[in-house]
Amino acid sequence: MAADLEAEVQAIDKSLLECSAEEIAVKWLQANDLQKEVYQHLAYYVPKIYCRGPNPAPQREDMLAQHVLLGPMEWYLCGEDPAFGFPKLEQANKPSHLCGRVFKVGEPTYSCRDCAVDPTCVLCMECFLGSIHREHRYRMTTSGGGGFCDCGDTEAWKEGPYCQKHELNTSETAEEEDPLVHLPEDMVARAYNIFAITFKYAVDILTWEKENELPGLEMIEKSDTYYCMLFNDEVHTYEQVIYTLQKAVNCTQKEAIGFATTVDRDGRRSVRYGDFQYCDQAKSVIVRNTSRQTKPLKVQVMHSSIVAHQSFGLKLLTWLGSVIGYSDGLRRILCQVGLQEGPDGENSSLVDKLMLYDSKLWKGARNVYHQLFMSSLLMDLKYKKLFAIRFARNYERLQSDFMKDDHDREFSIADLSIQIFTVPSLARMLITEENLMTTIIKTFMDHLRHRDIQGRFQFERYTALQAFKFRRVQSLILDLKYVLISKPTEWSDDLRHKFLEGFDAFLELLKCMQGMDPITRQVGQHIEMEPEWEAAFTLQMKLTLVISMMQDWCALDEKVLIEAYKKCLTVLMQCHSGFTDGEQPIVLSMCGHSVETIRYCVSQEKVSIHLPVSRLLAGLHVLLSKTEVAYKFPELLPLSELSPPMLIEHPLRCLVLCAQVHAGMWRRNGFSLVNQIYYYHNVKCRREMFDKDIVMLQTGVSMMDPNHFLMIMLSRFELYQIFSTPDYGKRFSTENTNKDVVQQNNTLIEEMLYLIIMIVGERFSPGIGQVNATDEIKREIIHQLSIRPMAHSELVKALPEDENRETGMESVIEEVACFKKPGLTGRGLYELKPDCARNFNLYFYHFSRAEQSKAEEAQRKLKRQNREDTALPPPALPPFCPLFASLVNILQSDVMLCIMGTILQWAVEHNGYAWSESMLQRVLHLLGMALQEEKQHLENLSEENVVTFTFTQKISRPGEAPNNSPSILAMLETLQNAPHLEVHKDMIRWILKTFNTIKKLRESSSTSPVAETEGNIMEESSRDKDKAERKRKAEIARLRREKIMAQMSEMQRHFINENKELFQQTLEELDTSTSGVHENSPVISDAKLTALGPEQTRVAEHRQVVMCILCQEEQEVKVDSRAMVLAAFIQRSTVLSKNRNKITPDPEKYDPLFMHPDLSCGTHTGSCGHIMHAHCWQRYFDAVQAKEQRRQQRLRVHTSYDVENGEFLCPLCECLSNTVIPLLPPPRVLFNRLFRPTKPYSVDQNNIPANKSAVFTSR
């Protein structure tokens, strides 16, 4: 390498080596027009140093550039030899308390989960190891490149912002001190001059678009030397580029791979050097070959002088970045130069020019100037703010350029948003002064232009191109998240005004999503083409955290919350005015109550799963309760104007859609709907979808007559007719023979009851119930661990994350679970503490169907192990907040009692109605919930309060005329002894016991002693009856078992007596055969010698019975039985070879079964030992081969065995095999049969099939 460099040095023009940096610097110091002098110097020397041939010579170029070009600049800047000047600068500098280390790709980064303001705040390894955060909970990741260390940034850390290294600088440096005071005045002037000239030169040359001229530089020698420059894109593959280059520039594949690799890494590479025509010819071939299917590769024919100056321009930007590292004063000067407005007014500063030209620059140039911005503008707190303002003002243009660009975001200037928007003070300032929230949201909406007639988003088919564009648009949502991630502690009037302006824009965005992708039930014929659904759900997922953060901001200020609530309600009413056109009003009547609603069938009309405006209003309504704004300022809120039926309409439709899908009514709509329902309930989306729909129904119920709500619900579930008409259920079950319709209605009733359970029982969100955030997390963990013990990673995946990617699990896990350490193998698991099992709710709303079933089974098993009854009663629930307090009345409403009574009546007369046990189980759960509620009301009763919840009295009253149906309590008594409901008896018994407890509580408060006594007697008598019944059944079962055992014993004795002669004959034959052996054999001495050969000793044969692993048939191994084989694998082996170099002369004629140890290799046979019938194995092997032949080549996946080579897997253990070995009896058995004169031996050759894959072959 040294020799090569020396040869290069010798070939260099002597005039370059004779240049004196000091002399040139002195000349510049004396010049009147410094810019002209510097430009002349660069115009003359840059083309002599850079781009002197077809291949770059970086070592030579760097050495000469330092000597001829950068050396004079350093001399000029320092006013002396830079070898002495720069160390002096460094010594005099008061270093920044910011670390600012720019991360390389793959470098480890550390974020403290306890102290970081958000997950984007990271430390480099050196700072992390020297900080207090190494003792905290931290997250380690690898950098994608481009970010920098946040050590020293007080806004990034709640605690411990400095490491040991940077803490030393805090006491010495005043926060607002101007770093220029540490520089001599003449140096400040010189630095300003040289930075202004060099920075302008670099920006001008990099943003220059003409291919034959230079900006402000005269070409000294206009030679005819050009480069054919190939640029990188993210469309064409490596293979396409390599193939094209081989054809275009006639290079080898190795050279083409080198070109392609450099283009991908640096963003561009010259692929041909010569005159214009020669280079243009290569360009036309490249364009022609790559433009057939996609846009062509970008190729430019550029004059060598322009390429040279651009190469030096990048070198100059790198040099500026290194020079400002010596002094904060130099950094400040460069920032001033970069942000100084030019003569053209707005956006004319050098920084603006670079940013706005970003998408036209190649990858290498972008990386260089991005790093310069990070080491200068983002490291100077004063100019970071000014740069943030420029960035925000150009935001729309930068994002528009990014959308058109095909490079990844990490190579775009738009990616710097994370460095600016995550700084809390900058984010607030940009919201207030530049209206940033509105800018981001409107820019986002401008890029989603496809709308339907109602103005809702309409997404095209999700092609690869659409997905690519949509991914780029989503980065705007990420920017909005960065702006909101840090919440304000103090609100100014300007911040309120601008936030609410941004909230208006956000509501416009949600309005375009409200009701998008509507679906209609497919009837008769299956849907032909699956509709587009992924884009809408991707948008919903990305916005989930933003919606949550919007609510968090609103909760911090009462004025903002009130205004946001009003605005959201106004937008929702606008959405509804477009929805309800043409829907007919109808009146529903039931149990003496009437309500007016609209005629609407989910199974016939359009319905959408996307309702973000409704769900945002639900979230804000909960915040009114949580922050007590609803009680402090009721006059400022439009609560009296709310229309509860309007609020509940669309969330209820969505939940009915889920119920109907579960009932199988939407099968013909394909998998797109199934996927939408899955994500609707999934942990990634449910917080702002399913959960908020439940909240909105709770809001509606709390503000309206529960009877009205239930009638509307019955109507939407299309069950109103069944419950409002007497004996309709009986007529329906007898008249309608379609079992599918009966099953669908049963499922819908079950789903409706489940929904009522959720509306009443889900009160663990702060603001709905009187709980805090940790109670909510505890409940989630308890129900996950109720399914089975789980590892830490499983639990984290099952819990929703906040904007900081935290679940809150670690803070509460020890209260509800015990950690079971792993053994030698396996993993550690969290197990639920026994005392937490009482909080288990069978109908927890985040359970999937499968999880609910597993949890129920696990909890019942646990109760049986503890010798408890298997009832799973509803747990005691926290009280509702005052705004939702009236919600519990739904349990004692007339319509609810009618629904429960009707289903219990069906269960009592179980042969006359179509009903299900699951339906009954839900009714029992609802009864239990109502009793628990009344019990809690009585226990918490104070003197001035009156209990209005009188569920026990209502279920004790029989039905009114003309039906005269029995009371719910009486029906429970009847069902307790019903033989077909054995599994529910424990639950019914628990309900009756709780009923009795409540009666006692009422008696103690002197409410109704007579009714209590009656209830007590009824309960005691029912308990005695139940005990007697159980005892009687146990006695019957015992007698039956004894009778069966006696019968079996009698049958055995009878069989032996009947076949006494046969048993005797068998014993005699055994004796005779034994004596026969002794007679035909030589006398055996006491030593028990055994003779071999023709007159060998006869020994007793042991029966060998084996089972075929394919047909599961047992068979004795005998010569005349069907052939049995073992799966085996034969392969080459050199283990026992004495001479591995010897070659077999004629391997085809050599017998592989008898190999000499002198051979280089032999055969090794191994078997897993699993036995099959030969014919069973043959069928299995033929099926494996046929399956392999049937499969199309394109669908073949990589397998671990080669069927074409006779390989297969053992059907039981999947051990690799390539042959089978016959299973034979012991040799002595064959020998005895062969020499027995009475029965000649014949081998049935057909029993052992010969097939090509079962031949012993050496591989």
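Quick caveat, the model's predicted, so the values are computed rather than measured.

Calculation notes
Residues numbered from 1 in each chain as written. Predicted model: local features only at pLDDT ≥ 70, side-chain atom pairs only at ≥ 80, totals over all residues. Heavy atoms only, no water. Helix = DSSP H or I, 4+ residues; strand = E, 2+ residues; numbered from the N terminus. Buried < 20%, exposed > 50% of the residue type's maximum accessible area, 1.4 Å probe, protein only. Contact = heavy atoms within 4.5 Å. Patch = residues over 30% accessible without salt bridge, like charges linked within 9 Å, V, L, I, M, F, W, Y side chains within 5 Å. Areas by Shrake-Rupley, 256 points an atom, 1.4 Å probe, with all protein chains shown as cover. Salt bridge = Lys/Arg side-chain N within 4 Å of Asp/Glu carboxyl O. Expected span 1.5 Å × (residues − 1). Bend = angle between axes of the 7 residues up to and from the residue. Phe/Tyr/Trp six-rings, centres within 6.5 Å; stacked < 30°, edge-to-face > 60°. Lys NZ or Arg CZ within 6 Å of the ring centre and 35° of its normal. Pairing = 2+ DSSP bridges. Axes fitted to C-alpha atoms, helices over the stretch in contact; angles between N-to-C directions. Disulfide = S-S within 2.5 Å. Parallel < 35°, antiparallel > 145°, perpendicular 65-115°, else oblique. Nonpolar A, V, L, I, M, F, W, Y, C, P; charged D, E, K, R; others polar. Lys, Arg positive; Asp, Glu negative; His and termini not counted. Charge placed at Lys NZ, Arg CZ, Asp CG, Glu CD. Left-handed = near helix turned anticlockwise from the far one by under 90°. Polar contact = N/O pair within 3.5 Å; in protein donor to acceptor, adjacent residues only side chain to side chain. pLDDT = per-residue confidence, 0-100.

1. Here's the deal with the overall build of the protein
Per the secondary structure count, the protein includes 47 helices and 16 strands. Counting only residues that meet the buried cut, the protein has 49% of its 1259 residues in that class. Within the protein, residue pairs in contact and separated by at least 24 positions form 75% of the contacts whose partners lie at least 6 positions apart.

2. Details of the environment of Gln-253
Mapped onto the elements, Gln-253 comes out in helix H11 (residues 253-266). On the accessibility criterion, Gln-253 (49% relative accessible area) is partly exposed. Residues Gln-253 and Tyr-243 lie 10 residues apart in sequence; the distance between their C-alpha atoms is 8.0 Å. With residues near it in sequence (within four places) discarded, Gln-253 still touches Ile-242 and Gln-246.

3. A word on a nonpolar patch on the surface
Where nonpolar side chains cluster on the molecular surface, the patch consists of Ile-1044, Met-1045 and Met-1048 and spans about 300 Å² of accessible area. Looking at the element boundaries, Met-1045 is found in helix H44 (residues 1009-1058).

4. Some points on helix H24 (residues 534-555)
Compared with an ideal rise of 1.5 Å per residue, which puts 22 residues at 32 Å, H24 spans 32 Å between its outermost C-alpha atoms and is within 8% of the ideal. Its maximal kink placed at Leu-543, H24 deviates by approximately 40°.

5. Regarding the packing of aromatic side chains
Counted according to the given criterion, the structure contains 39 aromatic pairs. Judged by centre distance (5.7 Å) and plane angle (80°), the ring pair of Trp-491 and Phe-499 falls under edge-to-face. Taken as a pair, Trp-491 and Phe-499 share a single burial class, namely buried. Three or more aromatic residues joined by ring pairs form one cluster here, namely Tyr-369, Phe-373, Phe-387, Phe-391, Tyr-395 and Phe-421. Here the guanidinium or amino end of Arg-409 rests over the ring plane of Phe-402, the centre of that ring lying 5.8 Å away. Here the guanidinium or amino end of Arg-472 rests over the ring plane of Phe-402, the centre of that ring lying 4.2 Å away.

6. Details of the sheet that holds strand S12 (residues 1124-1133)
With respect to topology, three strands assemble into an open sheet ordered S13-S12-S16, the strand pairing being antiparallel. On the outer flanks of this sheet lie strand S13 (1162-1173) and strand S16 (1219-1223), each paired with one strand and no other. Across the sheet, the mean angle separating the axes of adjacent strands is 35° when strand polarity is ignored. Sheet topology places S12 next to S16; five bridges connect them, and they run antiparallel. Bridging across to S16, Ala-1127 finds its partner in Val-1220.

7. Quick word on the pairing of strand S6 (residues 585-590)
Only one face of S6 is covered, namely the one carrying Ile-586, Leu-588 and Met-590; the face carrying Pro-585, Val-587 and Ser-589 has none of its residues buried. As defined by bridge partners, S6 adjoins strand S7 (residues 593-598) across six bridges and the pair is classed as antiparallel. The residue bridging Met-590 from the neighbouring strand is His-593, located in S7. Hairpin connection of S6 to S7: two residues between the antiparallel strands, including Cys-591 at a positive phi of 55°.

8. Some details on the pairing of strand S3 (residues 226-231)
For S3, the tally of buried residues reaches six of six residues, placing the bulk of the element in the interior. Where burial is concerned, the two faces of S3 agree: the one with Tyr-226, Cys-228 and Leu-230 and the one with Tyr-227, Met-229 and Phe-231 are both buried. Alignment of S3 against strand S4 (residues 268-274), held across six bridges, turns out to be antiparallel. Bridged to Leu-230 within S4 is Arg-269. Relative to strand S5 (residues 299-303), S3 runs antiparallel, the two being bridged by five bridges. Bridged to Tyr-227 within S5 is Met-302.

9. Concerning unusual backbone geometry
If a residue is not glycine, its phi is most likely negative; likewise, a peptide bond is most likely trans. Positive phi, close to 50°, is recorded for Asn-435, a residue that is not glycine. Among the secondary structure elements, Asn-435 is positioned in the loop between helix H20 (424-434) and helix H21 (436-446). Phi is positive for Glu-1214, which is not a glycine, with a value near 60°.

10. As for the state of the cysteines
A complete count under the given rule lists zero disulfides for this structure. Not part of a disulfide, Cys-898 finds its nearest cysteine sulfur in Cys-591, a span of 3.9 Å.

11. As for the side chain of Gln-660
Locating Gln-660 in the fold gives a position in helix H28 (residues 644-662). Taking relative accessible area as the criterion, Gln-660 reaches 0% and is therefore assigned buried.

12. Points about helix H43 (residues 985-1004)
Under the 1.5 Å per step criterion, the end-to-end length of H43 is 29 Å for 20 residues, consistent within 8% with the ideal 28 Å. The buried fraction of H43 amounts to 14 of the 20 residues, a majority that puts the element mostly inside the structure.

13. A look at the pattern of salt bridges
Under the defined criterion, the tally for this structure stands at 48 salt bridges. Between Lys-692 and Glu-688 there is a salt bridge whose closest N-O contact spans 3.6 Å. Each member of the pair, Lys-692 as well as Glu-688, is classed as buried. The structure contains a network of salt bridges with shared partners spanning Arg-113, Asp-114, Arg-137, Arg-139, Glu-806 and Glu-810.

14. Section: the packing of helix H23 (residues 493-513) against helix H26 (residues 612-626)
Closest axis-to-axis distance for the H23/H26 pair is 8 Å, and the angle between their directions is 135°. As judged from the angle between their axes, H23 and H26 are oblique. Contact with H23, carried on its side by Phe-503, Leu-507, Leu-510, Lys-511 and Met-513, involves Pro-612, Val-613, Leu-616 and Leu-620 of H26 and no other residues of that element. Looking at the contact of H23 with H26, its residues break down into eight nonpolar, no polar and one charged.

15. A look at a negative patch on the surface
Together, Glu-234, Asp-264, Asp-408 and Glu-410 make up a region of like negative charge exposed at the surface. Relative to the helices and strands, Glu-410 is located in the loop between helix H18 (395-404) and helix H19 (417-421). Glu-410 sits in the partly exposed class, given a relative accessible area of 42%.

16. Regarding the sheet that holds S3
Strand order in the open sheet formed by three strands is S4-S3-S5, and the pairing between neighbours is antiparallel. Only two strands of the sheet have a single partner each, and these edge strands are S4 and S5. Taking each pair of neighbouring strands and ignoring which way they run, the sheet shows an average axis angle of 30°. Each of S3, S4 and S5 is contacted by helix H12 (residues 276-290), which is oriented at about 135° to S4, the strand it contacts most. Strands S3, S4 and S5 of the sheet are contacted by helix H13 (residues 304-323), whose axis makes an angle of about 95° with S5.

17. Description of the packing of helix H5 (residues 58-78) against H13
Remark: H5 packs on H13, axes separated minimally by 12 Å, with the N-to-C direction vectors making an angle of 45°. Classified by the interaxial angle, the pair formed by H5 and H13 is oblique. H13 is crossed by H5, and the crossing has right-handed handedness. On H13, the residues that touch Asp-62, Leu-69, Leu-70, Met-73, Glu-74 and Leu-77 of H5 are Phe-312, Lys-315, Leu-316, Trp-319 and Val-323. Considered class by class, the residues forming the contact of H5 with H13 number eight nonpolar, no polar and three charged.

18. Brief notes about the environment of Ala-659
With respect to the helices and strands, the residue Ala-659 is situated in helix H28. In this structure Ala-659 comes out as buried when scored by relative accessible area, which is 1%. The spacing of Ala-659 and Glu-750 is 91 residues in sequence and 9.0 Å in space, taken between C-alpha atoms.

19. A few points about the side chain of Thr-544
With respect to the helices, strands and loops of the structure, Thr-544 is situated in helix H24. Judged by relative accessible area, which is 6%, Thr-544 ranks as buried. Reaching out from Thr-544, the side chain makes a polar contact with the backbone oxygen of Gln-540 at a distance of 2.8 Å. If sequence neighbours within four positions are ignored, Thr-544 has contacts with Lys-684, Cys-685 and Glu-688.

20. Considering the confidence of the model for the protein
Overall, the prediction assigns the protein a mean pLDDT of 83, with 84% of residues at 70 or greater. Per-residue pLDDT stays below 50 along residues 171-175; that stretch engages in four contacts with residues further than four places along the chain or on separate chains. Throughout residues 1237-1259 the model reports pLDDT below 50, and contacts reaching past four residues in sequence, or to other chains, amount to 38 contacts.

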